[in-house]
Amino acid sequence: MADLAELVPRIAATMAARTARGRVANYIPDLAKVSASHFGMVVITADGREHAAGDADLAFSIQSISKVFALVEALASHGEGVWQRVGREPSGGAFNSIVQLEAEAGRPRNPFINAGAIAVTDLITDGDDPRAGAGRILRLLRDLAGTQGIAVDGAVAYSEAATGHRNAALAHFMKAHGVLTGRVEATLSTYFHQCAIAMSCRELARAGRFLMNGGVDPASGRRVVSPEQARRINALMLTCGHYDASGDFAFSVGLPAKSGVGGGILAIAPGRASIAVWSPGLSPQGNSLLGTAALEELASAMGWSVFNPD
Ligand code: GLN
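The structure displayed is predicted, hence computed values, not measured ones.

Draft legend 1. The side chain of Glu73, seen in detail. With respect to the helices and strands, Glu73 occurs in helix α2 (residues 66-78). You can call Glu73 buried: its relative accessible area is 12%. Separated by 2.9 Å, the side chains of Glu73 and Arg136 make a polar contact. The contacts of Glu73, once residues within four sequence positions are left out, are Ile124, Arg136, Ile137 and Leu140.

Draft legend 2. Looking closely at the site of the ligand. Lining the immediate environment of the ligand, one finds Tyr27, Gln63, Ser64, Phe95, Asn114, Glu160, Asn167, Tyr191, Cys195, Tyr243, Gly260 and Val261. The side chain of Asn114 places a nitrogen or oxygen atom 3.0 Å from an oxygen atom of the ligand. With the chains in place, 99% of the 300 Å² that the ligand exposes on its own is no longer accessible. Cavity membership is defined here by more than half of the atoms lying within 2 Å of grid points; on that basis the ligand lies in the second largest cavity. Of the residues in the shell around the ligand, the class split is six nonpolar, five polar and one charged.

What counts as what
Residues numbered from 1 in each chain as written. Predicted model: local features only at pLDDT ≥ 70, side-chain atom pairs only at ≥ 80, totals over all residues. Heavy atoms only, no water. Helix = DSSP H or I, 4+ residues; strand = E, 2+ residues; numbered from the N terminus. Buried < 20%, exposed > 50% of the residue type's maximum accessible area, 1.4 Å probe, protein only. Polar contact = N/O pair within 3.5 Å; in protein donor to acceptor, adjacent residues only side chain to side chain. Contact = heavy atoms within 4.5 Å. Near = heavy atom within 4 Å. Areas by Shrake-Rupley, 256 points an atom, 1.4 Å probe, with all protein chains shown as cover. 1 Å grid on protein atoms, 1.4 Å probe; cavity = no way out; pocket = protein on both sides within 12 Å on 5 of 7 lines; lining within 4 Å. Sits in = over half its atoms within 2 Å of the grid points. Nonpolar A, V, L, I, M, F, W, Y, C, P; charged D, E, K, R; others polar.

Listed below in structure tokens is the structure:
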């Protein structure tokens, strides 16, 4: 097995030298301002050691990675009731796809596509103030990362709201089917704010530690979710965390992971490590190109695929 202290900087150097970096998301105008040249990586192992390289401490827009933490909040307040709203099947479609909703009575396939995440966010939206629901996610992230320095990027949230017609269409369609119960505008605003949370790879890897550790945050000893919920969240990340590239990600990396169009990926090696990578250039499916390549190198060098025999 490779030595992480040597491996993590070596992977970052390999990624820095790559010229094919993918395209930065531009359908949210404020995300298009970020340079494709960034690369950051942090690996936190079960013994608490942190290995960081590149732009590990630069905050980026976590976007759809927030869907994992919204699900944690919804499970905390609604338990198994969450699954009445949203399924657990990979969609095989794009993150913002609308077609399945029509065929499936407005019930989204899983909590990690946009429709499913909006349905989950509807459960934690509280009244008309987006700061209430998004604040729950923010508090959770600050608590898990051990810092008050994590915040919503207001310009990104505004940019998303101004251009988020497709998400609005998904939300209204689900409302028409009774899948959303709150006021659509409030749910959408909460969703745009949670997606606009900005944090660094180091903070994100720290926030993910409970998922490598059966639901308990190893830093504080706090139980965040039950062991069964931790296992299920990891299962959903593996099968649905990369949209229509989830099968390919399982094939090449073999770890539960959730991507966002800001270029971040949170990956979990159960019992072994919580990993965050960030590189803003995306694949056509909207997943970080170099982030995926880096995780593939890491998982292979460490033998961390969940499909390995030990
Ligand atoms: N906020 C983005 C959207 O709703 C999140 C998408 C993503 O990260 N895949 O379009």
